[in-house]
Amino acid sequence: MLDAIDRRLIAATQQGLPLVREPYRELAGRLGLDEAEIIARLKRLLDDGAIRRIGAIPNHYALGFTANGMSVWDVADELVAEIGARVGALDFVTHCYERPRHLPLWPYNLFAMVHGRSSDEVHSKVGEIAALIGPAACSHDVLFSTRILKKTGLRIAA
Amino acid sequence: MAFLDPTARAIVNGLQGGFPLTPRPFRDAGRDLGLSEDELIEGIGALVDSGTLSRFGPLWNAEQIGGAVCLAAMAVPAERFEAVAEQVNAHPEIAHNYERAHQLNMWFVVSADDPRRINQVIADIEQETGLKVHAMPKAREFFVGFRVEV
């Protein structure tokens, strides 16, 4: 569980780390803590999964990855754990989740987001997923985003 | 797409995770990339300023830090699409909203500190729009090893 100091640390870093030689000391100064404590807390939060990773967070669009396809698959429930793990391990899949079906409109229970430089590249990568899953998927589809209607960052109050 | 010089490329490809938790992390990370401490700091700053990187630092897991997140989809009639987008986006709990080419043509993410709030927002949107919101909470998350290569 997060304590009040963790939440202040989140608020202080959600726009990024200070780009100075000693960023953790700088954060420590802002928060009134020791550098060693900042480092220990970040390590714990990383180990616990509250931080996914620390580093460069690319803007996919600016890097030319302008096509984003949500591939969705109807996979037998008893196979979804094993197949999801294999699909997530592909290096072009950015998110991979099992989600509930909404029958009859929505038969799909496995979601794998694929980013590419063009819709052709996304289709070809979805083809690789299809080959990997094989007959275990009854059907699949790819939903391209045609417009971003809203996009805001994570907002955490201190 | 922005042209990336070798320094920028090394940063984007080599530093999407594993930034050191040491007193001089830019010096230590720079060693592996063949960059000096100051070159790395300046290079990252330039990539953030140009928008090539959204930011540099921790990528927080929204759910694990006490919030709740739920994907939801709606089938919105074409003639009402813009008006419904405005109604949905007016809720501060809507973090992302995308138009997608499908009968379910509006896909958005609801996020809130309190999981009960998610259900309330979904109920409010259904009431305001008269349209069914299909909640698609994740049942399981699979590990992804994704790295952008440029």
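Higher on the page you've got the structure.
Worth saying up front: this structure is predicted, and the values here are computed from it rather than measured.

**Quick look at the environment of E126 of chain B**
Residue and element names in this part refer to chain B. Relative to the helices and strands, E126 resides in helix 5 (residues 115-129). Under the relative-accessibility criterion, E126 is labelled partly exposed at 25%. Residues E126 and M74, spaced 52 residues apart in sequence, show a C-alpha to C-alpha distance of 9.6 Å. The residues touching E126, leaving out its near neighbours within four places in the chain, are L131, K132 and V133.

**Quick look at the sheet that holds strand 3 (residues 94-100) of chain B**
The strands making up a sheet associate through backbone hydrogen bonding, with each pair oriented either parallel or antiparallel. Across the sheet, which stays open at both edges, the nine strands sit in the order 5(B)-2(B)-4(B)-3(B)-5(A)-2(A)-4(A)-3(A)-6(B) with antiparallel pairing between neighbours. Only two strands of the sheet have a single partner each, and these edge strands are strand 5 (134-136) and strand 6 (140-141) of chain B. In this structure, strand 3 of chain B lies alongside strand 4 (residues 106-112) of chain B, joined through five bridges in antiparallel fashion. Opposite N97 of chain B, over in strand 4 of chain B, you have F108 of chain B as the bridge partner. Sheet contacts for helix 4 (residues 80-88) of chain A: strand 2 (67-75), strand 3 (93-98) and strand 4 (110-116) of chain A together with strand 6 of chain B; angle to strand 3 of chain A, the most-contacted strand, approximately 170 degrees.

**Observations regarding the packing of aromatic side chains**
A complete count under the given rule lists seven aromatic pairs over all chains for this structure. For the pair F111 of chain A and W107 of chain B, a centre-to-centre distance of 6.3 Å together with 65 degrees between the ring planes defines the contact as edge-to-face. Pair noted here: F111 of chain A is in strand 4 and W107 of chain B is in strand 4, and the two residues belong to different chains. With relative accessibility at 3%, the residue F111 of chain A sits in the buried group. For the pair F19 of chain B and F56 of chain B, a centre-to-centre distance of 4.9 Å together with 90 degrees between the ring planes defines the contact as edge-to-face. Highlighted residues: F19 of chain B in the loop between helix 1 (6-14) and helix 2 (25-33) and F56 of chain B in strand 1 (residues 53-60), separated in sequence by 37 residues.

The rules behind each value
- Residues numbered from 1 in each chain as written.
- Chains lettered and ligands numbered in written order.
- Predicted model: local features only at pLDDT ≥ 70, side-chain atom pairs only at ≥ 80, totals over all residues.
- Heavy atoms only, no water.
- Helix = DSSP H or I, 4+ residues; strand = E, 2+ residues; numbered from the N terminus.
- Buried < 20%, exposed > 50% of the residue type's maximum accessible area, 1.4 Å probe, protein only.
- Contact = heavy atoms within 4.5 Å.
- Pairing = 2+ DSSP bridges.
- Axes fitted to C-alpha atoms, helices over the stretch in contact; angles between N-to-C directions.
- Phe/Tyr/Trp six-rings, centres within 6.5 Å; stacked < 30°, edge-to-face > 60°.

What is shown is where atoms sit, not what they do.
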